[in-house]
Amino acid sequence: LLQGIEQEADRLNRMVGNILDMSKLEAGAWRPILESAAIEEIIGSTLSGFSEADNARVTIQLEEPVVEVFVDPVQIEQVLKNLVENALKYSPPESTVEIKVKTSDSELIMQVMDRGKGISEDDSNHIFDLFFRAKALTESSIPGVGIGLSICKALVEAHHGKIEASPREGGGTTVKVVIPSRNPDLQVSPGAINESTGN
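Residues numbered from 1 in each chain as written. Predicted model: local features only at pLDDT ≥ 70, side-chain atom pairs only at ≥ 80, totals over all residues. Heavy atoms only, no water.

A few words on helix α7 (residues 148-158). Residues Gly 148, Leu 149, Ser 150, Ile 151, Cys 152, Leu 155 and Val 156 constitute the buried set of α7. Positive phi shows up at His 160, right after α7, with a value of about 65°. (Buried < 20%, exposed > 50% of the residue type's maximum accessible area, 1.4 Å probe, protein only. Helix = DSSP H or I, 4+ residues; strand = E, 2+ residues; numbered from the N terminus.)

On the basis of which strands lie adjacent, the open sheet formed by 5 strands has the order β2-β4-β5-β7-β6 and mixed pairing. Edge positions in the sheet fall to β2 (58-63) and β6 (162-167), since each of these pairs with one other strand and no more. In this sheet, neighbouring strand axes are inclined to one another by 15° on average, regardless of whether the strands run parallel or antiparallel. Both strand β5 (residues 107-113) and strand β7 (residues 173-180) contribute to a ladder of 7 bridges, which runs antiparallel. Paired with Glu 107 across the two strands is Pro 180, which belongs to β7. In the packing of helix α4 (residues 73-89) onto the sheet, the strands contacted are β2, β4 (97-103), β5, β6 and β7, and the crossing angle to β5 comes to about 20°. Each of β6 and β7 is contacted by α7, which is oriented at about 135° to β6, the strand it contacts most. (Pairing = 2+ DSSP bridges. Axes fitted to C-alpha atoms, helices over the stretch in contact; angles between N-to-C directions. Contact = heavy atoms within 4.5 Å.)

Spelled out as C-alpha cells, the structure:
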C-alpha cells in the first residue's frame, strides 16, 4: 500500500512538473541557454531519477567518437527523461528500452527505442500534440495526460532541432531527436564563453 502511494505521488509530481514546464515554454520564459556539456553526464543525470528496477531495463549505446556538445543540459535532460519514462511505461515490464546516442561537431542524435505496441500511422502525425493520447491508451488503465511528448517537441524545436516517432522494426517505437551541437543563434551562458576563450 505504501509503495502504491509513493508511486502515485511521484506520478503526480511529474505531471505537475510537466504542466509547469509547458506553462513556462508557452510564456517564453524557458529559453535554452547553451553550455558545453558531456552527453554521458546528461544521460547519467537522467537515469538517476528512475528506480533501480527501471534502470535495469535500460541499455545505453554511445557511438564513437563522443564529443561535448553545446546545448542546454537541463532541457536536454528533460527531453531524455520524458522519452525514457514513456518508453518504460508503454512497453512490457520484461522488455528493454534502448538509448542510442551519436555526437559530432555539428549534431547530437538521440534515439529512444522500446518494444511496446507501437504507434499507428495516423497517431504518428499527432503524437507530439498537446494532450493527445492514442485511442488504445485512453481506453487502457495506463495513466497519462499527453503532455510529456509536447514538452519534448517544444524543447527540441527551441534548440532548432527536430523530433520524430516511427514504428520500430520487430515491434515497438523509435523516437529520434536531432539537435545542432553548435548553434550561434541561441544564447550561450557566460560560463561557456569564458571556458571557450580561456578567460
